[in-house]
Amino acid sequence: MIVTRFAPSPNGSLHLGHAYAAIVAHDLARQRDGAFRLRIEDIDAGRSRPELINEFLDELAWLGLRWDGELVLQSTRLDAYRAAGERLKEMGLLYPCTCTRAEIAAAATRTGPDGPLYPGTCRRRPPSDEGQAAWRLDMSRATALAGSLTWFDEIAGEQVADPARFGDVVLLRKEAPASYHLAATLDDAADGITLVTRGIDLFAASHLHRLLQALLGLPVPRWHHHPLLLDDHGRKLAKRRGTTGLSALRLAGEDGPGLADSLRSGRFGTGIRLSEGLDWLP
Ligand code: GLU
């Protein structure tokens, strides 16, 4: 049996791109007699808007998508993230970093999937105030410990994990006990996800998540990175660029299951198309 998931962040309203992602995860589970889980990624206190959560649930129901099991809120799992962080610290794999974004941007010479690659400033520096620090993964140590790893994407096939492209990535944030990467990896394991379903824009993240699974002894799922809905400029759909939100469509009395069926059959609407291949980048 497979277990898939849809894991939206309540930072903004859902739009057609989210509907497509939810449908892919839902339909893969239904086609294979599996389960479809729903997780709300709400640990970013600065951006998270709790009032959106009920809206998300209404929209999924309107589209005719039913999830299995309990709804998971990441904000209820902070202790588990802290515990994993402590474990990685005990393994000597994390170090505190007090650099500001501006300092990193000024010193970085390369860019990784999440932005400027950390130049390693705090790696050899005695910590001044750990309470105010973010904790970074010492990537060289971590990859040396984990050795060579592979992972499997249902569309792209077998991959040799290359987490080093993230450099010394932040795993424990200053203002939250986990970064997206750590929280999502722990949650996929805790929720028994066997097929991590998400958009191709997060393909690179799976290199890092595979490493975290190895370091923390977590089960290794398969992945299904689906194409993205793009606008007529080839950009990922975004509310701020004028993509209509699902709530507006629902409140206007549109037929939700009908819209879901249109997306399933590739009728995305004027000017909207699906990305091709693995080369879509933000
Ligand atoms: N929360 C992420 C988003 O809304 C998705 C993360 C994931 O699927 O792993 O884009």
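Above this text sits the structure in question.
The rules behind each value
Residues numbered from 1 in each chain as written. Predicted model: local features only at pLDDT ≥ 70, side-chain atom pairs only at ≥ 80, totals over all residues. Heavy atoms only, no water. Core = buried A, V, L, I, M, F, W, Y, C linked by side-chain atoms within 4.5 Å. Buried < 20%, exposed > 50% of the residue type's maximum accessible area, 1.4 Å probe, protein only. Helix = DSSP H or I, 4+ residues; strand = E, 2+ residues; numbered from the N terminus. Contact = heavy atoms within 4.5 Å. Pairing = 2+ DSSP bridges. Axes fitted to C-alpha atoms, helices over the stretch in contact; angles between N-to-C directions. Near = heavy atom within 4 Å. Polar contact = N/O pair within 3.5 Å; in protein donor to acceptor, adjacent residues only side chain to side chain. Disulfide = S-S within 2.5 Å. Phe/Tyr/Trp six-rings, centres within 6.5 Å; stacked < 30°, edge-to-face > 60°. Left-handed = near helix turned anticlockwise from the far one by under 90°. Nonpolar A, V, L, I, M, F, W, Y, C, P; charged D, E, K, R; others polar. Expected span 1.5 Å × (residues − 1).

Engineer: I'm lost on the nonpolar core in this one. Help?
Structural biologist: A general feature of soluble globular proteins is that nonpolar side chains tend to end up buried together. If you look at the biggest cluster of nonpolar residues, it comprises 37 residues, and the most contacted ones within it are Leu88, Leu137, Leu208, Leu211 and Leu215. For this core, the secondary structure elements donating two or more residues are helix H3 (78–90), strand E7 (134–137), helix H5 (139–146), strand E10 (170–172), helix H6 (180–190) and helix H7 (205–216). When residues in this core are grouped by element, the largest group, five residues, is from H7. Sequence-distant contacts of Leu88, defined by excluding residues within four places in its chain, comprise Leu93, Leu94, Leu171, Leu182, Leu215 and Leu216. Grouped together as the second largest cluster of nonpolar side chains are 33 residues, Ala21, Ala22, Leu63 and Leu237 included.

Engineer: Explain the sheet that holds E7 to me, please; I cannot follow it from the model alone.
Structural biologist: Pairing between sheet strands relies on hydrogen bonds along the backbone, with the strands arranged either parallel or antiparallel. The strand order across the open sheet built from three strands is E4-E7-E10, with neighbouring strands paired in antiparallel fashion. The outermost strands of the open sheet, each flanked by one partner alone, are strand E4 (94–97) and E10. Looking at each pair of strands side by side, their axes are set apart by 45° on average, direction ignored. Bridge count between E4 and E7: four bridges; the pairing is antiparallel. Directly across from Leu94, in E7, lies its bridge partner Leu137.

Engineer: Sorry if this is basic, but what is going on with the site of the ligand here?
Structural biologist: Near the ligand you find Arg5, Ala7, Pro8, Ser9, Glu41, Tyr180, Arg198 and Leu202, and these make up its full shell. For the ligand, a nitrogen atom lies 2.7 Å from a polar atom in the backbone of Ala7. Between Ser9 and the ligand, the recorded distance is 2.8 Å, taken from a side-chain N or O atom to a nitrogen atom.

Engineer: I'm lost on the state of the cysteines in this one. Help?
Structural biologist: Under the definition given, this model contains zero disulfides. Here Cys99 is not cross-linked by a disulfide; its sulfur's nearest cysteine counterpart is in Cys122, at 3.7 Å. Using a relative accessible area of 9% as the deciding quantity, one classes Cys99 as buried. Under the relative-accessibility criterion, Cys122 is labelled buried at 3%.

Engineer: I'm lost on the packing of aromatic side chains in this one. Help?
Structural biologist: Centre-to-centre distance and the angle between the planes together describe a pair of aromatic rings. For the coordinates displayed, the defined rule picks out four aromatic pairs. Aromatic side chains Tyr20 and Phe268 sit 5.9 Å apart centroid to centroid with 85° between the ring planes, which places their arrangement in the edge-to-face category. Of this pair, Tyr20 sits in helix H1 (residues 16–31) while Phe268 sits in the loop between helix H9 (256–264) and strand E14 (273–274), and the two are 248 residues apart along the sequence. Across this residue pair, the class does not change: Tyr20 and Phe268 are buried. When the centroid spacing of 5.2 Å and the interplanar angle of 65° are considered together, the rings of Trp151 and Trp223 count as edge-to-face. Of the two residues, Trp151 is situated in strand E8 (residues 150–153) and Trp223 in strand E12 (residues 222–226); the sequence distance between them amounts to 72 residues. A relative accessible area of 2% means that Trp151 is categorised as buried.

Engineer: Is there a simple way to explain the packing of H5 against H7 in this structure?
Structural biologist: How two helices sit against one another is set out by the angle between their axes and by the gap between those axes. One way to put it is that H5 packs onto H7 with a least axis distance of 10 Å and a crossing angle of 65°. For the pair H5 and H7, the sense of crossing is left-handed. Every residue of H7 that contacts H5 at Met139, Ala142, Thr143, Leu145 and Ala146 is listed here: Leu208, Leu211, Ala214 and Leu215. Split into classes, the residues belonging to the contact of H5 with H7 amount to eight nonpolar, one polar and no charged.

Engineer: Can you walk me through H1 in this structure?
Structural biologist: For an α-helix the count is 3.6 residues per turn, leaving residues at separations of three or four pointing the same way. For H1, which comprises 16 residues, the first-to-last C-alpha distance of 22 Å matches the rise-based estimate of 22 Å (1.5 Å per residue) to within 8%. Most of H1 is tucked away: 13 of the 16 residues are buried. Backbone geometry just after H1 places Asp33 at a positive phi near 55°.

Engineer: How do you make sense of the pairing of strand E9 (residues 157–160) when you look at a structure like this?
Structural biologist: Within a regular strand, the side chains alternate between the two sheet faces. Here E8 pairs with E9 via four bridges, running antiparallel. Counted as the bridge partner of Thr150 is Val160 from E9. Two successive antiparallel strands, E8 and E9, enclose a turn made up of three residues.

Engineer: Can you walk me through the environment of His224 in this structure?
Structural biologist: Checked against the element boundaries, His224 lands in strand E12. Assessed through its relative accessible area of 11%, His224 is described here as buried. Here the alpha-carbon distance between His224 and Thr76, two residues 148 residues apart in the chain, equals 26 Å. In this view, His224 contacts Val24, Leu28, Asp153, Glu154, Ile155, Leu195, Val196, Thr197 and Arg198; residues no more than four positions away in its chain are not counted.

Engineer: Would you take a moment to explain the packing of H6 against H7 for this structure?
Structural biologist: Interhelical geometry of H6 versus H7 gives an angle of 60° and a closest axis separation of 10 Å. Our pair here, H6 against H7, has a crossing hand that is right-handed. Residues Tyr180, His181, Leu182, Ala184, Thr185 and Leu186 of H6 form the contact with H7, whose participating residues are Ala205, Leu208, His209, Leu212, Gln213 and Leu216. Its residues placed into classes, the contact of H6 with H7 shows eight nonpolar, four polar and no charged.

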